[in-house]
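Residues per chain are reported as follows:
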Amino acid sequence: MSNANKIIPLREQPRAEHWEPRRFKVFTARQLDKIEPLQRLDEDTRFAMRVVASVLPFRVNEYVIEELIDWDRVPDDPIYQLTFPQKDMLAPEHFERVAAALRGGDKAEIDATVAAVREALNPHPAGQMEHNIPEVDGEKIDGIQHKYNETVLFFPSQGQVCHSYCTFCFRWAQFIGDNDLKIATKEAGQLKKYVQAHPEITDILITGGDPLVMKTKNLRAHIEPLLELEQVRTIRIGSKALTFWPQRFVSDADADDLLALFREVRAAGKHLALMAHYNHWREMEPAIAREAIRRVRETGAQIRAQGPLLAHINDNAEDWARLWQTQVELGIVPYYMFVERDTGARHYFEVPLARAWEIYRDAMQQVSGLARTARGPSMSSHPGKVEIQGVTEIHGEKVFVLRLIQGRNADWVQRPFFAKYNPDATWLNHLEPAFGEDRFFFEEELAALEN
């Protein structure tokens, strides 16, 4: 029986003043056979895992296996679905091609087949490689993305793995060992120089992978130079560590140093936001996860929570309402409900936009105003973050009501627009303009920006 069944309610949890260090032990695709609970599964299921893990990255640690997954509920347990490969995560034709190659055992054939399948999975959606990476003097700057005026994304090379991988991850191409698909930089000073050259930048998002897999001294080398820049108002750190390895904030050897760095950022007058990725309320139940949240908040950093709506994991209003309400109780700000990105195993996880909006609406109806800070459902699409505001009928035509809450052009932000109602649409490119229009209002300018 998993320890996930031994959850102590929040009001009964004593504050733990001391936690024994825990060794970080990770399993990758090569160690699937060494994960003891998987031995309960039949041979066909375990082979299917090998097939999928040959294409999509797999990495899970012992804490997730022992503390978060209820193995008596497998395969329906949400954290199991979040971290372990499932056969249907590949299209049937892709699965059979890779399975046949693995059975054949020829390494060259396996590599070629896997590469072809990966290429078909849209490894870099929404123009990440073509339109988000800036250039200086005609040369692209590795490890930086600048899509929106105020915010720049920074990908330090030491943070391009995670404590565990999510099966839905839209950045899966970062983790498969292909340098042509990886966004990362080894130069600590490169970010500062770029920011200084762009006075419109006020927010830095350090992302990955997961920057918190780095030792604090390495993270400090990237953050401290930014504290000297008056234009920088907010530093964000995108991380899943509060779920996948809360020991990072509690009992790791440099956990106290990490929290000291957070305090240093605050003392410099900067806002520090830990952008926590949560997919299910179960991730916040273990006592050490709550202790990690408490310690982060004690530094003055704010925790904001975001995550996508996912079939097989959280595609119901009740789970989202409980997720948001629990976050508020723990002092976390609900921030975004995303739509599953158009990459990787999207066909397995995607939810129709109409259904996504219904789940969002029904969840909002179950929580107080303090939990209604979560925006969504939001598509992080090529033109920007497009929010589904509702479904309605105007002059006899059923439509989606949409708006851009962030855009490549700031003038697009907060402008409502309409799309024909399509019950099967799961992404922006499946929608057509309503009311006989030829294109959405931003499309002509977007095309010009691309050129």
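Since we're looking at a predicted model, the values are computed, not measured.

**A word on the overall build of the chain**
From N to C terminus, the chain includes 15 helices and 15 strands. The C-alpha atoms of the chain give 22 Å as radius of gyration, which agrees with the globular expectation for 451 residues (22 Å, within 12%). The dimensions of the chain, computed from C-alpha atoms along their principal axes, are 60 × 55 × 50 Å. For the chain, the residues scored as buried account for 57% of the 451 residues in total. For the chain, contacts bridging at least 24 residues in sequence account for 73% of all contacts bridging at least 6. In the structure as shown, the chain presents an accessible area of about 19,800 Å², 45% of it carried by carbon and sulfur atoms. Across the chain, the centroid of the 55 positively charged side chains sits 5 Å from that of the 67 negatively charged ones.

**Overview of the pairing of strand β7 (residues 203-206)**
Both faces of β7 are covered, namely the face carrying Asp203 and Leu205 and the face carrying Ile204 and Ile206. After leaving β7, the chain enters helix α7 (residues 216-223) and then returns to the sheet as strand β8 (residues 234-239), a path that is right-handed.

**Considering the environment of Thr151**
Turning to its location among the elements, Thr151 is positioned in strand β6 (residues 151-154). Taking the relative accessible area as the measure of exposure, Thr151 reaches 10% and is therefore buried. For the pair Thr151 and Ala311, spaced 160 residues apart in sequence, the C-alpha separation works out to 30 Å. In contact with Thr151, other than residues within four places in its own chain, are Gln145, His146, Asp203 and Arg236.

**Some thoughts on unusual backbone geometry**
The omega torsion across Val74 and Pro75 is 10 degrees, close enough to zero to call that bond cis. Mapped onto the elements, Pro75 comes out in the loop between α2 (62-68) and α3 (78-83). A cis geometry characterises the amide bond from Gly376 onward to Pro377, with omega recorded as -15 degrees. Note that Pro377 resides in strand β12 (residues 375-380). Here His312, not a glycine, exhibits a phi torsion of approximately 75 degrees, which is positive.

**Side note on the sheet that holds strand β14 (residues 397-407)**
On the basis of which strands lie adjacent, the open sheet formed by 11 strands has the order β5-β6-β7-β8-β9-β10-β11-β12-β13-β14-β15 and mixed pairing. Strands at the two margins of the open sheet, each flanked by one partner only, are β5 (144-148) and β15 (416-420). Taken over all neighbouring pairs, the strand axes of this sheet differ in orientation by 30 degrees on average, direction set aside. Of the strand pairs in this sheet, β8 and strand β9 (residues 271-277) are connected by six bridges, and their pairing is parallel. Bridge pairing in β9 places Arg236 opposite Ala273. With respect to the sheet, helix α10 (residues 255-267) is in contact with β8 and β9, its orientation differing from that of β9 by roughly 135 degrees.

**Some points on the confidence of the model for the chain**
This prediction gives the chain a mean pLDDT of 91; 91% of its residues lie at or above 70. Of the regions scoring below 50 in pLDDT, residues 1-14 engages in 23 contacts with residues more than four places distant in sequence or in other chains.

**Description of the packing of aromatic side chains**
Describing an aromatic ring pair means giving the distance of the ring centres and the angle of the ring planes. Evaluation of the coordinates by the stated rule reveals 21 aromatic pairs. Ring centres 5.6 Å apart and planes at 75 degrees place the aromatic pair Trp71 and Phe84 in the edge-to-face group. Taken together, the positions of Trp71 in the loop between α2 and α3 and Phe84 in the loop between α3 and α4 (92-104) put the pair 13 residues apart, joining distant regions of the chain. What makes Phe84 buried here is its relative accessible area of 0%. With 5.9 Å between their ring centres and 20 degrees between their planes, Phe440 and Phe442 make a pair best called stacked. Under the relative-accessibility criterion, Phe440 is labelled buried at 6%. Judged by relative accessible area, Phe442 falls into the buried class, the value being 3%.

**Regarding the pairing of strand β11 (residues 333-339)**
With six of seven residues buried, β11 is to be regarded as a mostly interior element. Regarding topology, helix α12 (residues 317-329) serves as the crossover connection from strand β10 (residues 302-309) to the parallel β11, and that connection is right-handed. Pairing analysis gives two bridges linking β11 to β12, with the strands arranged parallel. Paired with Phe338 across the two strands is Ser378, which belongs to β12.

**Notes on the nonpolar core**
By size, the foremost hydrophobic cluster in this structure holds 115 residues, and its most contacted members are Phe84, Leu242, Phe249 and Trp324. Per element, the largest residue contribution to this core is seven residues, and it comes from helix α1 (residues 43-55). Discounting chain neighbours no more than four positions away, the residues touching Phe84 are Ile35, Leu38, Met49, Phe58, Val60, Ile65, Ile69, Trp71, Met89 and Thr167. Judged by nonpolar contacts, the second largest core, of 20 residues, contains Phe417, Ala419, Ala425 and Phe442.

**As for α4**
With 13 residues, α4 should reach 18 Å at 1.5 Å per residue; the first-to-last C-alpha distance of 18 Å fits that figure. Of all the positions in α4, only His94, Phe95, Val98, Ala99, Ala101 and Leu102 are classed as buried. The arc enclosing the buried residues of α4, seen along the axis, measures out at 160 degrees, which places them on a common side. Within α4, the exposed residues directed more than 90 degrees away from the buried face are Pro92, Glu93, Arg103 and Gly104. Residues of α4 that are buried sit in contact with α1 and α5 (107-119). The first or second residue beyond α4 is Gly105, which carries a positive phi of 80 degrees.

Thresholds applied
Residues numbered from 1 in each chain as written. Predicted model: local features only at pLDDT ≥ 70, side-chain atom pairs only at ≥ 80, totals over all residues. Heavy atoms only, no water. Helix = DSSP H or I, 4+ residues; strand = E, 2+ residues; numbered from the N terminus. Rg over C-alpha atoms; globule rule 2.2 N^0.38 Å. Buried < 20%, exposed > 50% of the residue type's maximum accessible area, 1.4 Å probe, protein only. Contact = heavy atoms within 4.5 Å. Areas by Shrake-Rupley, 256 points an atom, 1.4 Å probe, with all protein chains shown as cover. Lys, Arg positive; Asp, Glu negative; His and termini not counted. Charge placed at Lys NZ, Arg CZ, Asp CG, Glu CD. Right-handed = clockwise from strand over helix to strand, strands pointing away. Pairing = 2+ DSSP bridges. Axes fitted to C-alpha atoms, helices over the stretch in contact; angles between N-to-C directions. pLDDT = per-residue confidence, 0-100. Phe/Tyr/Trp six-rings, centres within 6.5 Å; stacked < 30°, edge-to-face > 60°. Core = buried A, V, L, I, M, F, W, Y, C linked by side-chain atoms within 4.5 Å. Expected span 1.5 Å × (residues − 1). Arc of directions from axis to C-beta.

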